[in-house]
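Here is how the chains run, residue by residue.
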Amino acid sequence: MGASGSSLSPDEQTKVSRKVIYEYEREKATSAPGTDLSGYVHERVAAHSALPEAGYQCPKVRFGRTELQMPIVTCGGMRIQETWGRKTKPVPADISGVDTACQDNLIATIRRALELGVNHFETALGYGSSEIQFSDALASLIASGEVKREDIIIQTKVSPKKPGDFKEAMEKSFRQMQVDGPIGYIDLFSFHGINKQVSLDYIFEQGGWDVVQELRDAGKIRWVGFSTHGMPDIITAAIETDKFDYVNIHYDFIGSYTASGSGEAGGNLTCLQKAQEHDMGIFIISPNDKGGKLYKPSKKFADLCAPDLDPISFNALWLWHHTPAAHTLVIGVARPTDFDEMVLATKLFDTEEGRAKVAAVEGRMVAAAHEALGQEWYENWHVGLPNGYQCSSGVMVGKWVWLWNIVKAWGLFEFAKDRYIGVMSNNKAWDDAKTFEENTADWGFMPGW
């Protein structure tokens, strides 16, 4: 179903305007002075105002050995909740403490997801009020008959902890998720953040796996996986236990976020290959943000994608057509319209047109990197560089070189700046009087500096 610019929501109009302004400037730069571009602008507004037609369903694929039919786009619950429970507002005890407008927005977003065939919903105990809100919204839609419980896939995550703390956290999470009520069971449970060896120790040597297995035996968990912001060696170690059915992992065209510059391949490619060998589901974390801030890309990156694709579509299609292929990419939604761009990209999934467009864009991207960095450097830059766990001062040498590379090759300065700021708190907390182990004890989701 198409839509005119005037019939779009304010958020959709903002997204369309951003794209059309970029394309107008690009066209103007290559046109003769005084060229009337009004017709071109109207055509681009119409093109970008298109929405998935009524009845269109997001494609589904087999999610590894779980055998679940997984939509290739996932509804993520990291941005839509009312509170993270940090300094400004604590997590409420139940749904009565959540603002009605916030919850209504979540329900509208879930309805839009279901309308598009996106039936996988991902949250976590660590996402503030997200579990409380998602479980209540989904329970209400199940009770109303809008959706059947067996027709949706629910995922939540709890961080590995010391034995007593982990069991307590699991009880809290399952209480918030209403597992003993209308939700009934968790389709996909994840150990949230297997980032260091201590995480594996908590799971396999200090009883974490036993807690989860007991819940699985009771029918409250169907499949078990893990998420990670760790280095390739730890991710590979977790995969090779053959205990996990799927993995939530960073991997994008530009790199592997926290793992970039680390491991044999300079990122998580070997981890994906190992996951495929173990027939695990592959879930990509935050591709639109950690894949280069693609909702607000650099001009150079957007220019290299044009005219075949936009940056979000390129990265998504590159991942879906990659070897090994990503099974699903999560969108951290904040409103119903956040699905539109990714779901439109799914229409090129598993098509010759989609593959050809990805190949064309990838060719231009690689050529630009070769020009800026040199082919030998582009292909081998990571060799021998230490990550923060291999460097006595904790510096993520490989990651910093990666950020320099993507700025030089594709102009991703704003993304690189955000990543730099994000780890400087570790630097500020570093105390030369402490041991390496003491300094790195709090490195969880953002290792190194």
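Here's what I pulled together on the structure shown here. (Residues numbered from 1 in each chain as written. Predicted model: local features only at pLDDT ≥ 70, side-chain atom pairs only at ≥ 80, totals over all residues. Heavy atoms only, no water.)

The next point concerns the packing of helix 8 (residues 232-240) against helix 9 (residues 269-277). Contact geometry of helix 8 with helix 9 gives a least axis separation of 9 Å together with a crossing angle of 5 degrees. Comparing their axes, helix 9 and helix 8 come out roughly parallel. Contacts between helix 8 and helix 9 pair Pro232, Ile235, Thr236, Ile239 and Glu240 from the former with Cys271, Lys274 and Ala275 from the latter. Here the residues of the contact of helix 8 with helix 9 are counted per class, giving five nonpolar, one polar and two charged. (Axes fitted to C-alpha atoms, helices over the stretch in contact; angles between N-to-C directions. Helix = DSSP H or I, 4+ residues; strand = E, 2+ residues; numbered from the N terminus. Parallel < 35°, antiparallel > 145°, perpendicular 65-115°, else oblique. Contact = heavy atoms within 4.5 Å. Nonpolar A, V, L, I, M, F, W, Y, C, P; charged D, E, K, R; others polar.)

Okay, a negative patch on the surface next. Together, Asp431, Asp432, Glu437 and Glu438 make up a region of like negative charge exposed at the surface. Inspection of the secondary structure puts Asp431 in the loop between helix 17 (413-429) and helix 18 (436-440). (Patch = residues over 30% accessible without salt bridge, like charges linked within 9 Å, V, L, I, M, F, W, Y side chains within 5 Å. Areas by Shrake-Rupley, 256 points an atom, 1.4 Å probe, with all protein chains shown as cover. Salt bridge = Lys/Arg side-chain N within 4 Å of Asp/Glu carboxyl O. Lys, Arg positive; Asp, Glu negative; His and termini not counted. Charge placed at Lys NZ, Arg CZ, Asp CG, Glu CD.)

Most of strand 6 (residues 186-192) sits out of view: seven of its seven residues are buried. Across four bridges, the pairing between strand 5 (residues 153-158) and strand 6 is parallel. When the bridges of strand 6 are listed, Val158 appears paired with Phe191. A crossover links strand 5 with its parallel partner strand 6, the connecting element being helix 5 (residues 163-176), and its sense is right-handed. (Buried < 20%, exposed > 50% of the residue type's maximum accessible area, 1.4 Å probe, protein only. Pairing = 2+ DSSP bridges. Right-handed = clockwise from strand over helix to strand, strands pointing away.)

In this structure, Met170, Phe189, Phe191, Phe226, Phe314 and Trp410 are the most contacted members of the largest nonpolar core, which totals 99 residues. The greatest single-element share of this core, amounting to seven residues, is contributed by helix 12 (residues 311-320). The contact partners of Phe226, leaving out residues within four places of it in the chain, are Ser190, Phe191, Ile194, Ile235, Ala238, Ile239, Phe244, Tyr246, Val247, Asn248 and Met280. Membership of the second largest hydrophobic core comes to nine residues, among which are Met70, Phe283, Ile285 and Val330. (Core = buried A, V, L, I, M, F, W, Y, C linked by side-chain atoms within 4.5 Å.)

A word on the pattern of salt bridges. For the structure on display, the rule yields 26 salt bridges. Here Glu115 makes a salt bridge to Arg112, at a shortest N to O gap of 3.2 Å. Of this pair, Glu115 and Arg112 both sit in helix 3 (residues 100-115), three residues apart, which is roughly one turn of that helix. A relative accessible area of 47% means that Glu115 is categorised as partly exposed. A salt bridge links Glu277 to Lys274; its shortest N-O distance comes to 3.8 Å. Of this pair, Glu277 and Lys274 both sit in helix 9, three residues apart, which is roughly one turn of that helix. Salt bridges sharing partners connect three or more residues here, namely Arg65, Arg216, Asp242 and Asp245.

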